[in-house]
Amino acid sequence: MQLLEKLCQIAENPYAYAEKIKGDARTPIIGYFCSYAPEEVICAAGAVPFRIFGTRGDISLADAHLQSYCCSLARGGLEDALTGRLSFLDGTVFPHTCDSIQRLSDIWRLNGGFSFHSDIVLPVKLDTPSARTYMTAVLRDFRDELAAALKVPLTDDDLTSAVRTVNQIRKHLGDLYAAHSKTPGILSAKALHQVIKAAMVMDRKEAAADLAALLESLGLDNPPTVADSGRKRVILSGGICNHPDLYSLMEVAGADVVWDDLCTGTRYVEGLVGETGDPIAAIAERYMERMVCPAKHSDNTARGRNLVELARTHQAGGVIFLFLKFCDPHAFDYPYLKQFLDEAGIPSMVLEIEERLPPEGQMKTRIESFVEMI
Amino acid sequence: MTEQNIADLEKEKRKIKSVAKMKEIMTTYYIEAKTAAESGKKVAWITSGGPVEFLIAMDVIPVYPENHGAMIGASKMGVDLCEKAEEMGYSRDLCSYARADIAAAPINGGPIGGLPRPDFLVCCNNICGTVLKWYEVMARYFDVPLFILDTPFIHKEFSPAAKKYVIDQTYEYIAFLEAQTGKKMDYDRMHEVSRLAVEGLRLWQAVLDTAAHKPAPMTAFDAFFHLALIVTLRGTQTTVDYYRQLLAEMEQRIKDGIAMVPNEKYRLLWDNLPVWYRTKWLSEKFASHDACLVGDTYTSAWSGVMDLIDPDNFIESGAVAYSSVYINVSLDKMFDTLAALIRKYDVDGLVMHSNRSCKPYSFGQYDLQKMVMERLGIPTLMIEADMVDARSFSESQIETRIDAFMEKLKT
Ligand code: SF4
Ligand code: SF4
């Protein structure tokens, strides 16, 4: 499984990967924080969209800009920008999501020292025709801005071809998810998490090819069905997960993470962009149709119903909420999501994490007792 | 006369007489809102930055949950309600206005026994993303319709697409109100309300401006108190009349040489929301150093954009104005406003409340602080607290910091 190892390594050390592709051909690399960044447009401009996951190091320089009550994603990302660990970036795009990211964007622009900076001020409500029109206009402006900054034509053909590539990635990842849900262990949950992370930072053509090859090597065309292994099945729900070890902890505790509702998971994979017609409108369409992120507004109970349905579809015995401390949008949705799960008789628990995981022993005990209960 | 008598007289002289009238207006207003069902009127909850004018024109009673949060904070009921919210599953790290209000709803808690039940909700996200989530919670809880006016954040400029989007939504808002109330918008009435709104904003700004006089006839703490009308009842004659009265009183105080802080020597500007449960303590603390908080970034947020409003074309100009309010813009733009306030009030220092509850207001303060010190040479003080949740207020720490800051100013 050389390929799997390669992808895991990229996920383990994405900055080294970025330095490498940068070094070879001075490929432009554009950073982003959130699944509302239109990576198709970035790819079409000949750049690599690079997702920032926070930091692995200590936070010190960012303390001069962001209070301690800001989430570790924003603080950690800023830390890496200020220490120069992200110096391979040519710029960054900030789609409008939460209040913290919105302010981070200003701080980043004023202090980050990157040549390109773009705010994609997306609509916050995604369920009206005027929002759709506005979304399309904003994405069009971004396309022009990026094309001008990188001095590339960025034609519709470029866009359509980028859409195809990214769609392939989504399809492959979707297949991996489905196979993993059917037969957990065909690929460990941790490996799946690493693969999807790698896809968010890699040259997308390379990622698409690697994923296709990985699928083939796994022989997933006809995966065996779930044998009753006695192992528990759980779903993760929340924002971003930057802690692969969590998956291992769960595995040891006897539970397989069979699906997720994470920004760094299925929210990235879900839904394909139409490959015909106006590509920008098609990208906007996907964002309007996809299950809403808690920082956006659509149907007021959609996330609750969706989570219950996911648990049922994937025969999960429980849901583990994974939240970053100080993340408002997710924290606001939690009581209602829990209520929906309670009403459906699905147990759940919350893990709130900061830069680092709580001491392993403590996590282990909590996870174990939850897994026992379900 | 004894010394005590003289001190009391002095104190009496400094009291703002209009306060009684303001209390009376607010009481009448809340009674009306709470008995709306009997009078057949509709009640809408609306965010502080929301276009309340349309509700006034449609005879809907606007209720303003952030004001509720402030009242809860001022009456020191914040900790209890915030803890209740935490029991309901809401993280302690969320905005304490939202937490307190969410927890008050099911138990009719808080100083006025809960807000009247809404017939529908109007949320304008020009102040934060929190209100969006808060109103979603309320829409689920009360099972009522929610209208969202989505005002794109302004990092650099307000794009033509954004302008069109907000104008489109303003028409959607009107259609929503027509559907909710079962009657058509009366555009003549709307025009009159717009005119009154702009007049109210001008008067409010004029009231705030009186503090530019040395010594200042009022302080930011007074502004916090008198703010409620311009937020909730903007567009009514009552508000216009009230601020006219308040303005006259302030002008008279200037003539009579009445200062709010007896020996005003140091003039300070306040940034961010008030610390509601500690306004008295803070104002006395600063006054003990002969320092007066003459202005703030919060209470002028509403009038700061009034020049963008054209009462003859309220729908279109209002859309731009609503989107341009103080915290819906980038740090560079906030700095410009801050610098203008510092100049206008001619202050000696800036006091920044780093408010755990309000992330969009507080993140970026460190950068603003640096800009103010470096570019304007104005000393700054950062206080860590929370506007409603008193658990995040450390008196001894804050006292030490204020004392140290004032000592530095004095030398
Ligand atoms: S959505 Fe949450 S985790 Fe993501 S940047 Fe905002 S506050 Fe942080
Ligand atoms: S205090 Fe801040 S976060 Fe809370 S409702 Fe007001 S603007 Fe929003």
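In every chain, residue numbers begin from 1 and rise along the written sequence. Both sets of labels track the order of writing: A upward for chains, 1 upward for ligands. Confidence filtering applies because this is a predicted model: local features only for residues at pLDDT of at least 70, side-chain atom pairs given and counted only at 80 or more, and all residues used for totals across whole chains, interfaces and linings. Side-chain measures were taken over the full set of non-hydrogen atoms in the model, leaving aside hydrogen atoms and water.

A few words now on the interface of chain A and chain B. Any two residues whose heavy atoms approach within 4.5 Å are treated as being in contact. Facing 46 residues of chain A, the contacting portion of chain B comprises 52 residues. Two parts placed together each lose some accessible area under a 1.4 Å probe, and adding up what both lose gives the buried area. Here chain A and chain B share an interface that buries about 4,200 Å² over both sides, 57% of which is from carbon and sulfur atoms. On the chain A side of the contact with chain B, Tyr-69, Arg-103 and Phe-332 of chain A bury the most area, a combined 21% of that side's loss. Every case where a carboxyl oxygen of Asp or Glu lies within 4 Å of a side-chain nitrogen of Lys or Arg is listed as a salt bridge. At the surface where chain A touches chain B, the tally comes to five salt bridges. Among the salt bridges present, the one from Lys-359 of chain B reaches Asp-328 of chain A, with a minimum N-O distance of 2.6 Å. Side-chain atoms alone can form a polar contact between residues adjacent in sequence; in general such a contact is a pair of N or O atoms within 3.5 Å, and within protein one must be able to donate a hydrogen while the other accepts it. The tally of links between chain A and chain B comes to 27 residue pairs in polar contact (both at pLDDT 80 or more). Numbering of helices and strands runs from the N terminus, with a helix taken as a DSSP run of H or I at least four residues long and a strand as a DSSP run of E at least two residues long. If you tally residues by element for the side of chain A that touches chain B, the top one is helix H5 (residues 99-111) of chain A, at 10 residues. Ten residues, namely Ala, Val, Leu, Ile, Met, Phe, Trp, Tyr, Cys and Pro, are considered nonpolar, four, namely Asp, Glu, Lys and Arg, are considered charged, and the remaining ones, Gly among them, are considered polar. Partitioning the side of chain A that touches chain B into residue classes produces 21 nonpolar, 12 polar and 13 charged.

Here we take up the site of ligand 2. Residues and elements named next belong to chain B. Around ligand 2 sit Glu-66, Cys-95, Ile-127, Cys-128, Thr-130, Val-131, Trp-134, Leu-273, Ser-357, Cys-358 and Met-387, and those are all the residues in its vicinity. In terms of residue count, the dominant contributor to the shell around ligand 2 is helix H8 (residues 130-142) (three residues). In terms of residue class, the shell around ligand 2 is made up of eight nonpolar, two polar and one charged. Only a single heavy atom is needed: when it lies within 4 Å of a molecule or strand, its residue is near that molecule or strand.

What follows is about helix H7 (residues 96-107) of chain B. End to end, H7 of chain B covers 17 Å across 12 residues, agreeing with the expected 16 Å (1.5 Å per residue, within 8%). The cut-offs for exposure are 20% and 50% of the maximum accessible area for each residue type, with area from a 1.4 Å probe on protein chains only; residues under the lower value are buried, those over the upper are exposed, and the others partly exposed. Of all 12 residues in H7 of chain B, 10 are buried, a share of seventy percent or more. Those residues of H7 of chain B not exposed but buried are Ser-96, Tyr-97, Ala-98, Arg-99, Ala-100, Asp-101, Ile-102, Ala-103, Ala-104 and Ala-105 of chain B. The secondary structure elements touched by the buried residues of H7 of chain B are helix H14 (328-343) of chain A together with strand E1 (43-46), helix H5 (65-74), helix H6 (78-87) and H8 of chain B. Given the number of residues in a helix, its expected span is that number minus one, multiplied by 1.5 Å.

Here we take up the packing of helix H6 (residues 129-150) of chain A against helix H9 (residues 160-181) of chain B. For every element, the axis is a line fit to its C-alpha atoms; helices are fit only across the contacting stretch, and the angle between N-to-C directions ranges from 0 to 180 degrees. Relative orientation of the contacting elements H6 of chain A and H9 of chain B amounts to 180 degrees, with a least axis distance of 10 Å. If you check the angle between H6 of chain A and H9 of chain B, you find them roughly antiparallel. Taking contact as the criterion, the partners of Ser-130, Ala-131, Tyr-134 and Ala-137 of chain A in H6 of chain A are, on H9 of chain B, Ala-161, Ala-162, Tyr-165, Asp-168, Gln-169 and Glu-172 of chain B. Considered class by class, the residues forming the contact of H6 of chain A with H9 of chain B number six nonpolar, two polar and two charged. Angle categories: roughly parallel below 35 degrees, roughly antiparallel above 145, roughly perpendicular from 65 to 115, and oblique for all the rest.

The next point concerns the sheet that holds strand E3 (residues 120-124) of chain B. Residues and elements named next belong to chain B. At least two DSSP bridges between two strands are required for those strands to pair. The strand order E2-E1-E3-E4 describes an open sheet built from four strands, whose pairing is parallel. Strand pairing shows two members of the sheet lacking a second neighbour, strand E2 (61-63) and strand E4 (146-149), which therefore form its edges. Within the sheet, the average angular offset between the axes of one strand and its neighbour, ignoring direction, is 25 degrees. Across three bridges, the pairing between E1 and E3 is parallel. Counterpart to Trp-45 in the pairing with E3 is Leu-121. In this fold helix H2 (residues 19-34) packs onto E1 and E2, with an angle of close to 105 degrees to the strand it touches most, E2.

Ligand 1 sits among Cys-71, Leu-73, Cys-98, Ser-100, Ile-101, Leu-324 and Cys-327 of chain A. Counted by class, the shell around ligand 1 contains six nonpolar, one polar and no charged residues.

Another point: the packing of aromatic side chains. Here the distance between the centres and the angle between the planes together describe a pair of aromatic rings. Paired rings are identified among Phe, Tyr and Trp, the last through its six-membered ring, by centres lying within 6.5 Å, and are further divided according to the angle between planes into stacked (under 30 degrees), edge-to-face (over 60) and tilted (the rest). This model, assessed by the stated rule, comprises 34 aromatic pairs over all chains. Their ring planes at 50 degrees and their centres at 5.7 Å tell us that Phe-54 of chain B and Phe-314 of chain B sit as a pair that is tilted. Of this pair, Phe-54 of chain B sits in helix H4 (residues 53-57) while Phe-314 of chain B sits in helix H15 (residues 314-323); the two residues are 260 residues apart in sequence, bridging distant segments of the chain. Each of the two residues, Phe-54 of chain B as well as Phe-314 of chain B, counts as buried. Members of the aromatic cluster, each reached through a chain of ring pairs, are Phe-54, Phe-120, Phe-147, Tyr-173, Phe-176, Phe-314 and Tyr-322 of chain B. By definition here, charges over rings are those cases where NZ of Lys or CZ of Arg is within 6 Å of the ring centre and within 35 degrees of the ring normal. Over the aromatic face of Tyr-36 of chain A sits the side chain of Arg-290 of chain A, whose NZ or CZ is 4.6 Å from the ring centroid. A cation over a ring is seen here: Arg-140 of chain B above Tyr-336 of chain A, with NZ or CZ 3.6 Å from the ring centre.

The next thing to look at is the pairing of strand E6 (residues 255-261) of chain A. Residue and element names in this part refer to chain A. Counting buried positions over the seven residues of E6 gives seven, a clear majority of the element. Sheet topology note: the strand E5 (residues 232-238)/E6 ladder contains six bridges and is parallel. Bridge assignment links Val-234 to a residue of E6, and that residue is Val-257. For the crossover that starts at E5, traverses helix H10 (residues 244-252) and ends in the parallel E6, the hand is right-handed. Handedness of a crossover is defined as follows: with both strands directed away from the viewer, a clockwise route from the first strand across the helix to the second makes it right-handed.

Let us look at the sheet that holds strand E1 (residues 29-32) of chain A. Residues and elements named next belong to chain A. The strand order across the open sheet formed by four strands is E2-E1-E3-E4, and the pairing between neighbours is parallel. Only two strands of the sheet have a single partner each, and these edge strands are strand E2 (48-51) and strand E4 (116-120). Between one strand axis and the next, the sheet turns by 25 degrees as a mean value, whatever way the strands run. For E1 and E2, the ladder comprises four bridges, and the chain directions are parallel. Its bridge partner lying in E2, Ile-30 is registered against Pro-49. Docked against the sheet, helix H2 (residues 14-25) engages E1 and E2, running at close to 165 degrees with respect to E2.

Turning next to the packing of helix H13 (residues 302-313) of chain A against H14 of chain A. Residue and element names in this part refer to chain A. Following both chains from N to C, one finds H13 and H14 inclined at 50 degrees, their axes separated by 9 Å at the closest point. Regarding the angle of H13 to H14, the classification is oblique. For the pair H13 and H14, the crossing hand works out as right-handed. Each of Ala-302, Arg-303, Gly-304, Arg-305, Leu-307 and Val-308 in H13 lies in contact with H14, whose residues at this interface are His-330, Asp-333, Tyr-336, Leu-337, Phe-340 and Leu-341. Classifying every residue of the contact of H13 with H14 by side-chain character gives seven nonpolar, two polar and three charged. If you view the pair so one helix is near and one far, a crossing is left-handed when the near helix is turned anticlockwise from the far one by less than a right angle, and right-handed when it is turned clockwise.

Turning our eyes to something else, we now look at the side chain of Thr-297 of chain B. Residues and elements named next belong to chain B. Inspection of the secondary structure puts Thr-297 in the loop between strand E6 (291-296) and H15. Judged by its relative accessible area of 2%, Thr-297 falls in the buried class. One polar contact links the side chain of Thr-297 to the main-chain amide nitrogen of Asn-272, over a distance of 3.3 Å.

Residue and element names in this part refer to chain B. Position of Trp-204 among the secondary structure elements: in helix H10 (residues 187-209). Separated by 43 residues in sequence, Trp-204 and Leu-247 place their C-alpha atoms 8.0 Å apart. Once you skip the residues sitting within four places of it in the chain, Trp-204 turns out to touch Ala-223, His-226, Leu-227, Ile-230, Tyr-243, Thr-299 and Ser-303. Among the polar contacts made by the side chain of Trp-204, one reaches the main-chain carbonyl oxygen of Thr-299 at a distance of 2.9 Å.

Excluding any residue in a salt bridge, patches collect residues exceeding 30% relative accessible area, merging like charges within 9 Å and nonpolar Val, Leu, Ile, Met, Phe, Trp and Tyr side chains within 5 Å. Working definition of accessibility: Shrake-Rupley area with a 1.4 Å probe, residue cover restricted to the visible protein chains. None of His or the chain ends enter the tally, which takes Lys and Arg as positive and Asp and Glu as negative. Every charge is mapped onto a representative atom, which is NZ of Lys, CZ of Arg, CG of Asp or CD of Glu. Taken together, the side chains of Asp-141, Asp-144 and Glu-145 of chain A together with Glu-157 of chain B make up a negatively charged region of the molecular surface. Relative to the assigned elements, Glu-145 of chain A resides in helix H6.

Moving on, we get to the confidence of the model for chain B. Confidence scores here are pLDDT values: one per residue, from the predictor, ranging 0 to 100. Of all residues in chain B, 100% attain a pLDDT of 70 or more, and the chain-wide mean is 95. For this predicted complex, the interface confidence comes out at an ipTM of 0.95, alongside a pTM of 0.96.

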